[in-house]
Amino acid sequence: MMRFRWTAWKALPPAEQDAAIAEAAALVAGMQHSAVYSLLGHKGDLMFVHFRRSFEELNQAEIALAKLRLSDFLEPTSSYLSMVELGLYDSTLDLYEGLAKREIAPYSAEWKQEVEAQLVRQRQAMAPRLWPAIPDRKYICFYPMDRRRGESVNWYRVPMAERKRMMHEHGMIGRRYADEVKQIITASIGFDDWEWGVDLFAEDPLVFKKLIYEMRFDEVSALYALFGTFYVGLRLQAAELGSLLKT
Amino acid sequence: MMRFRWTAWKALPPAEQDAAIAEAAALVAGMQHSAVYSLLGHKGDLMFVHFRRSFEELNQAEIALAKLRLSDFLEPTSSYLSMVELGLYDSTLDLYEGLAKREIAPYSAEWKQEVEAQLVRQRQAMAPRLWPAIPDRKYICFYPMDRRRGESVNWYRVPMAERKRMMHEHGMIGRRYADEVKQIITASIGFDDWEWGVDLFAEDPLVFKKLIYEMRFDEVSALYALFGTFYVGLRLQAAELGSLLKT
Amino acid sequence: MMRFRWTAWKALPPAEQDAAIAEAAALVAGMQHSAVYSLLGHKGDLMFVHFRRSFEELNQAEIALAKLRLSDFLEPTSSYLSMVELGLYDSTLDLYEGLAKREIAPYSAEWKQEVEAQLVRQRQAMAPRLWPAIPDRKYICFYPMDRRRGESVNWYRVPMAERKRMMHEHGMIGRRYADEVKQIITASIGFDDWEWGVDLFAEDPLVFKKLIYEMRFDEVSALYALFGTFYVGLRLQAAELGSLLKT
Amino acid sequence: MMRFRWTAWKALPPAEQDAAIAEAAALVAGMQHSAVYSLLGHKGDLMFVHFRRSFEELNQAEIALAKLRLSDFLEPTSSYLSMVELGLYDSTLDLYEGLAKREIAPYSAEWKQEVEAQLVRQRQAMAPRLWPAIPDRKYICFYPMDRRRGESVNWYRVPMAERKRMMHEHGMIGRRYADEVKQIITASIGFDDWEWGVDLFAEDPLVFKKLIYEMRFDEVSALYALFGTFYVGLRLQAAELGSLLKT
Amino acid sequence: MMRFRWTAWKALPPAEQDAAIAEAAALVAGMQHSAVYSLLGHKGDLMFVHFRRSFEELNQAEIALAKLRLSDFLEPTSSYLSMVELGLYDSTLDLYEGLAKREIAPYSAEWKQEVEAQLVRQRQAMAPRLWPAIPDRKYICFYPMDRRRGESVNWYRVPMAERKRMMHEHGMIGRRYADEVKQIITASIGFDDWEWGVDLFAEDPLVFKKLIYEMRFDEVSALYALFGTFYVGLRLQAAELGSLLKT
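These remarks concern the structure in this document. Keep in mind that what you see is a predicted model, and the values were worked out from it rather than measured. (Residues numbered from 1 in each chain as written. Chains lettered and ligands numbered in written order. Predicted model: local features only at pLDDT ≥ 70, side-chain atom pairs only at ≥ 80, totals over all residues. Heavy atoms only, no water.)

### Describing the pattern of salt bridges
Proximity of charged atoms lets side chains of opposite charge pair with each other.
Line of reasoning, step 1. Inspection of every chain in the model, using the stated rule, returns 84 salt bridges over all chains.
Line of reasoning, step 2. Residue Lys246 of chain D is joined to Asp18 of chain D by a salt bridge in which the shortest nitrogen-to-oxygen separation is 2.9 Å. Note that Lys246 of chain D is positioned in the segment after helix H10 (241-245) and Asp18 of chain D in helix H2 (residues 14-30), a separation of 228 residues in sequence.
Line of reasoning, step 3. Note on Lys246 of chain D: relative accessible area 26%, which makes it partly exposed.
Line of reasoning, step 4. The partly exposed category is assigned to Asp18 of chain D, whose relative accessible area is 39%.
Line of reasoning, step 5. Shared partners join several salt bridges into a network, and the residues in it are Lys10 of chain A together with Glu16, Arg69 and Asp72 of chain B. (Salt bridge = Lys/Arg side-chain N within 4 Å of Asp/Glu carboxyl O. Helix = DSSP H or I, 4+ residues; strand = E, 2+ residues; numbered from the N terminus. Buried < 20%, exposed > 50% of the residue type's maximum accessible area, 1.4 Å probe, protein only.)

### Let's talk about helix H2 (residues 14-30) of chain E
Line of reasoning, step 1. The end-to-end C-alpha distance of H2 of chain E, which contains 17 residues, comes to 24 Å, matching closely the 24 Å that a straight helix rising 1.5 Å per residue would cover.
Line of reasoning, step 2. Contacts from the buried residues of H2 of chain E go to helix H1 (6-10), strand S2 (34-39), strand S3 (46-50) and helix H10 (241-245) of chain E. (Expected span 1.5 Å × (residues − 1). Contact = heavy atoms within 4.5 Å.)

### What to know about the relation of the copies chain E and chain D
Line of reasoning, step 1. Its rotation angle being 72°, the transformation that places chain E on chain D also includes 0.0 Å of axial translation and leaves an RMSD of 0.0 Å. Look at the turn and shift together and you get a five-fold axis relating the two. Of every C-alpha in chain E, the one belonging to Glu151 of chain E sits nearest the axis of rotation, 6.9 Å from it.
Line of reasoning, step 2. Interface overlap between copies: only 5% of the residues of chain E at the interface are likewise at the interface in chain D, consistent with a contact formed by different surfaces. (Least-squares fit on C-alpha atoms with pLDDT ≥ 70 in both.)

### Digging into the packing of aromatic side chains
Line of reasoning, step 1. The final tally for this structure, using the stated rule, is 80 aromatic pairs over all chains.
Line of reasoning, step 2. Between Phe4 of chain D and Trp9 of chain D the ring centres are 5.3 Å apart and the planes differ by 65°, which places this aromatic pair in the edge-to-face class. Residue Phe4 of chain D shares its accessibility class with Trp9 of chain D, and that shared class is buried.
Line of reasoning, step 3. Through a chain of ring-to-ring contacts, the aromatic side chains of Phe4, Trp6, Trp9 and Phe73 of chain A assemble into a single cluster.
Line of reasoning, step 4. A cation sits over an aromatic face here: Lys43 of chain B above Tyr231 of chain B, 5.8 Å from the ring centre. (Phe/Tyr/Trp six-rings, centres within 6.5 Å; stacked < 30°, edge-to-face > 60°. Lys NZ or Arg CZ within 6 Å of the ring centre and 35° of its normal.)

### Notes on empty space enclosed by the protein
Here the idea is plain: a probe the size of a water molecule rolls over the atoms and shows the empty space left.
Line of reasoning, step 1. Applying the stated criterion to the full structure yields three cavities of 30 Å³ or more.
Line of reasoning, step 2. Put simply, the largest cavity is a space of about 70 Å³.
Line of reasoning, step 3. Around the largest cavity, the lining comprises 13 residues; the ones closest to its centre are Phe191 of chain A together with Leu40, Gly41, Lys43 and Phe230 of chain E.
Line of reasoning, step 4. Of the residues assigned to the lining of the largest cavity, the class counts are eight nonpolar, three polar and two charged. (1 Å grid on protein atoms, 1.4 Å probe; cavity = no way out; pocket = protein on both sides within 12 Å on 5 of 7 lines; lining within 4 Å. Points joined across faces, edges and corners; volume = space filled by probe spheres on them. Nonpolar A, V, L, I, M, F, W, Y, C, P; charged D, E, K, R; others polar.)

### Details of the side chain of Asn154 of chain D
Line of reasoning, step 1. Mapping Asn154 of chain D onto the fold places it in the loop between strand S6 (139-147) and helix H7 (160-176).
Line of reasoning, step 2. A polar atom in the side chain of Asn154 of chain D sits 2.7 Å from the backbone oxygen of Ala222 of chain C.
Line of reasoning, step 3. At 2.9 Å, the side chain of Asn154 of chain D forms a polar contact with the backbone nitrogen of Tyr156 of chain D.
Line of reasoning, step 4. Excluding residues that lie within four positions of it along the chain, Asn154 of chain D makes contacts with Ala222 and Leu223 of chain C together with Arg148, Arg149 and Tyr224 of chain D. (Polar contact = N/O pair within 3.5 Å; in protein donor to acceptor, adjacent residues only side chain to side chain.)

### Considering the relation of the copies chain B and chain A
Line of reasoning, step 1. Of the transformation superimposing chain B on chain A, the axial component is 0.0 Å and the angular component is 72°, with the fit at an RMSD of 0.0 Å.
Line of reasoning, step 2. With a heterologous cut-off of 20% or less, the 5% of interface residues of chain B that recur at the interface of chain A puts this contact in the heterologous class.

### Some details on the interface of chain E and chain D
Line of reasoning, step 1. Counting residues at the interface gives 41 residues for chain E and 45 residues for chain D.
Line of reasoning, step 2. Of all residues in chain E, Lys67, Arg149 and Glu151 of chain E give up the largest surface area on contact with chain D, accounting jointly for 19% of the area buried on that side.
Line of reasoning, step 3. There are six salt bridges connecting chain E and chain D.
Line of reasoning, step 4. Its salt-bridge partner being Asp72 of chain E, residue Lys10 of chain D comes within 2.7 Å of it at the nearest N-O pair.
Line of reasoning, step 5. Applying the counting criterion to the chain E and chain D interface returns 24 residue pairs in polar contact (both at pLDDT 80 or more). (Buried area = accessible area lost by both parts, 1.4 Å probe.)

### Things to note about the packing of helix H7 (residues 160-176) of chain C against helix H8 (residues 206-216) of chain C
All names here are of chain C.
Line of reasoning, step 1. Relative to each other, H7 and H8 sit at 160°, their axes nearing to 10 Å. When the interaxial angle is binned, H7 and H8 end up roughly antiparallel. When the axes of H7 and H8 are compared, the crossing they make is right-handed. Taking contact as the criterion, the partners of His170, Ile173, Gly174 and Arg176 in H7 are, on H8, Leu211, Glu214 and Met215.
Line of reasoning, step 2. A breakdown of the residues in the contact of H7 with H8 according to their chemical character gives three nonpolar, two polar and two charged. (Axes fitted to C-alpha atoms, helices over the stretch in contact; angles between N-to-C directions. Parallel < 35°, antiparallel > 145°, perpendicular 65-115°, else oblique. Left-handed = near helix turned anticlockwise from the far one by under 90°.)

### A few points about the interface of chain B and chain A
Line of reasoning, step 1. Across the boundary between the two partners, chain B contributes 39 residues, which contact 45 residues of chain A.
Line of reasoning, step 2. Three residues stand out in chain B for area buried against chain A, namely Lys67, Arg149 and Glu151 of chain B, and they jointly supply 19% of the buried area on that side.
Line of reasoning, step 3. Where chain B packs against chain A, one counts six salt bridges.
Line of reasoning, step 4. Connecting chain B to chain A are 24 residue pairs in polar contact (both at pLDDT 80 or more).

### A look at helix H7 (residues 160-176) of chain A
Residue and element names in this part refer to chain A.
Line of reasoning, step 1. In a regular helix each residue adds 1.5 Å, so 17 residues correspond to 24 Å; H7 covers 25 Å between its end C-alpha atoms and thus fits that length.
Line of reasoning, step 2. Along H7, the residues classified as buried are Arg163, Met166, His170, Ile173 and Gly174. On an axial view of H7, the arc spanned by its buried residues comes to 100°, and they lie on one face. (Arc of directions from axis to C-beta.)

### Comments concerning the pairing of strand S6 (residues 139-147) of chain A
The side chains of a regular strand alternate, first on one face of the sheet and then on the other.
Residue and element names in this part refer to chain A.
Line of reasoning, step 1. In terms of residue burial, S6 counts as a mostly covered element, since nine of its nine residues are buried.
Line of reasoning, step 2. On S6, burial covers both faces: Tyr139, Cys141, Tyr143, Met145 and Arg147 on one face and Ile140, Phe142, Pro144 and Asp146 on the other are all buried.
Line of reasoning, step 3. Pairing of S6 with strand S8 (residues 196-202) involves seven bridges; the strand directions are antiparallel. From the neighbouring strand, Tyr143 faces S8, where its bridge partner is Val198.
Line of reasoning, step 4. Two strands pair when backbone bridges link them, and S6 and strand S10 (residues 231-236) are joined in this way by four bridges, in the antiparallel orientation. Bridging from a neighbouring strand, Cys141 pairs with Val232 of S10.
Line of reasoning, step 5. Relative to strand S9 (residues 225-227), S6 is paired through three bridges, and the arrangement is antiparallel. Following the sheet pairing, Asp146 is matched in S9 by Leu226. (Pairing = 2+ DSSP bridges.)

### So, the environment of Arg216 of chain C
Line of reasoning, step 1. Turning to its location among the elements, Arg216 of chain C is positioned in helix H8.
Line of reasoning, step 2. Residue Arg216 of chain C is classed as buried on the basis of its relative accessible area, which comes to 4%.
Line of reasoning, step 3. Once the C-alpha coordinates of Arg216 of chain C and His170 of chain C are considered, the two residues, 46 residues apart in sequence, prove to be 9.7 Å apart.
Line of reasoning, step 4. If near-sequence neighbours (up to four positions away) are discounted, Arg216 of chain C is found in contact with Ser221, Ala222, Phe227 and Phe230 of chain C together with Arg149, Tyr156, Ile189 and Glu195 of chain D.

### Some thoughts on a negative patch on the surface
Residue and element names in this part refer to chain A.
Line of reasoning, step 1. Negative charge collects at one region of the surface, where Asp136, Asp179, Glu180, Glu203 and Asp204 lie side by side.
Line of reasoning, step 2. The topology assignment puts Asp136 in the loop between helix H6 (127-130) and S6.
Line of reasoning, step 3. By relative accessible area, which is 61% here, Asp136 ends up exposed. (Patch = residues over 30% accessible without salt bridge, like charges linked within 9 Å, V, L, I, M, F, W, Y side chains within 5 Å. Areas by Shrake-Rupley, 256 points an atom, 1.4 Å probe, with all protein chains shown as cover. Lys, Arg positive; Asp, Glu negative; His and termini not counted. Charge placed at Lys NZ, Arg CZ, Asp CG, Glu CD.)

### Digging into the side chain of Lys209 of chain B
Line of reasoning, step 1. Relative to the elements of secondary structure, Lys209 of chain B occurs in helix H8 (residues 206-216).
Line of reasoning, step 2. Beyond its immediate sequence surroundings of up to four residues, Lys209 of chain B is in contact with Glu85, Ala187, Ile189 and Phe191 of chain C.

Right, here's the structure in full:
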């Protein structure tokens, strides 16, 4: 998320403004799996979303942006680093139970081989979902979240079958909204300050509220969800940067 | 909320100050459902309140302001994004009970159709309240709030009938103050960092304290309300910007 | 609270420094019920305290200060907005009990009339205490505080008679220090981010520690008091601004 | 604690750098009971420690520093205001018990007189410890702390004899480290945002970790201690300022 | 961690950029046990990691960097100060039990001598691990952490044998990842604001998530671990600074 230094920008001669916009628009237009949003409120003016296959490519995107002339007028206010996550509670629990029935000891060489093999199969099957295109919707809502680790209410002490059941019920709500909201869930344990990042994409922002409000009452969210900062933005096509920024 | 850069502003020649004030006053005067307040304390100097029918119109208002000459002297310190909310506990619970009596399964196609239809009817009936004019009172008080989601005291685990009862009692206090305070309650789940935003408008600011102090003891507030930052401001007419800012 | 921009200030020619000091000293000297303090530590260099009869007058004081030449070198770091509060637990409980004995229903027209009438009588009787002069002591200590609203320990769920008893015991400690410390308690529910603001004035700052340390063990403070940031300052007469700031 | 503005400083002509260093070194060298430390990490570059007999003298030290030419390159990042504290649990409890045996009512005129007299005797006896010289050790470690006031674990609800016992055990650990670490405990209730400030001085910083780690398991620390920010610095003699800052 | 001031940097003539890069690259290349990383996200652009044998050497590294021309464009955003820690639960508990069997009283002169002697033996045996080279992996992940000191769940009240058992189980997970992740655990009690600092080094950053996610469910982490800010960076060789920064 970036704040735009309007005051310094306005002092730039129009021709230099035009050149900076053109350079930035060309870079953004040429970036696959990237998008720009006009943020609402004081948390920033522009939000850049980059889906990349590696952190190295992500770092390159970040540096390419920093070298833009336009970036002289952009001040980073926030960011979030995470990886697209597949909800694998169902298949993982099935696998664990299958391995247990076959009396394969957890963390034995055979057990690890089977778990890794399933993960590889899943990642291959779901490769397009692991590196998705940016959904083509007018609005974005992003927020990070944690599972609660309280002194008495602690997600990480709940048996896996219980967690699976709650996640399943939670997923049912999301599925009811599938037409209206495209969700991309990302994992950030080890990468950023919250455990998960949630990206929602919709044509009508009212649906963000409806979905999240309804979810707030389901068991897993009511008991175990903690939420960070919410960001809401409107999609900007590269070609629209000019009309936003020209004064 | 914006801080005013007095030092830079004072360095501006009087004619340029006049032009910047005139431009800003014209924009604000021409904006329907917008108002400006002079904030008390260090949290900001000016607060702009915009009620709009869509986030897109809100974004346009924000950008139009940013392009003003006066904005070269305004630094955003905070903001809040939310939607006007109708308190529908009563009618929603009635509807749910009616549907249950008719043995319509929750989330079935028929159930969803009836719920959506009622929502549409209510939104039509209450359209003017969903996009209100800014109440014409001298003082504003704004603060965001959450319903508590503690490890043992958790609003989202309370049965709906209980919540309805507590909200009803809570509403009775507000109603006793209806002549003195105009309340506009907005929902921000999915939009900003708290769940609700409360705007109070009054001629005498003492009534903000009386109302909120009394409410602090009612059951739902005492047990379940968490409060964010409070902002208090005095209404500024567009034509008064000049007398505020001229040095 | 204001930080003083020493570096920029030192770059000002001595004659301009003198003029800025003279203008500021004249404004402050002419303000009744206002005082300036030299703050200790990094939380600010100067603290301005203004007691005013309305928020509008307070806002005018704030803007008059902002327009000073000296304010080009002052950066707001904090502030607190509140109203002087009278401790009325005793008389309020007596009144409520009297009304109950006379079988007047709470919130009935008659009940509200009696409560309001008593409030008006009290405010008239205590008018000088509601708009006090700034006590003429060398040191100030200011801090905001809340009554705890925890999941199990919650002031707003304690019966009024219990609260009255605890507040009475609490008040006894304050009374024992009355000669050494002048206390002005202000209420900020609905105005700022904590519920109360406490101003202590003394000739010897050691007494701030003695009073607050002793109070920390009384029941109401030990169980229910939460404290914000503490500010300690030395009174500056308007005429002393020059010796503080001249380099 | 101060951040040093290296970039602006480097732009200063060498002769002006020399003059600024000489002026600052002379002031610091002439200040009794003051010391400068080079801080590790981003929390600041220099830490100034001033022990003074009154807040007024402390304020004068602060302002004298602010008026230095070198201070144009110093930006305050933090500070802590407190008074040297004597651990008087033992003698206070003995006194209280003695007064109780003599049937002198708490807070009676006689009781207050005896308590105040003992305090005066102790302060006289310990005057050098109340206004100590800065220990001449290579490293400093400073941190503020609180006694916990939780909903169920609350220091201020523990009987005095229990507190005395725990403090005594706590003190025994400190005494075992007395050769390696010089401790100066200061009280800041009523002065700053934590209740206590701890200054440790040692030749080998490893001992800070050993002492504090061992203490973390003793009863009073494990249950009741809450810690703020830690600052670690290396002592700088006034004459060493030049070699630190010259580029 | 440092933010890079791109805007000011870009204004520097290319020859001065080259000279600044060459000077910085030479310093970094000449520093043993130091490394530079390109950070992902807004928390900083560059992370410098320095392993040193003393805080004095660390302070010298910090000051040498500050005096670089390149540092005019680097703004510190964060830092962490800690010492490499050896996990000595096993040997310490064995030693304590051995001393207890020999009826040597805890903290007696003999007891302290034996404990100190074992510590010295261990530090000698493990000297290379106490002052390690920076692992030569592409990615780094750093985060600080605490052991929980809650009102009911408190690590520092758990018997040592229990802690040893949990730490052993925790260590088994780390060992399973030993090929993929090099871990360096550092202790910061008494040095910085968290109790521990964790550095992970890997060729594939996905393994950071796998390791930390799996650990989050083990008993000691699930119940007692609290996590601070996460930083993820890509290793930069000194010679690569130019290609990163040249515009």
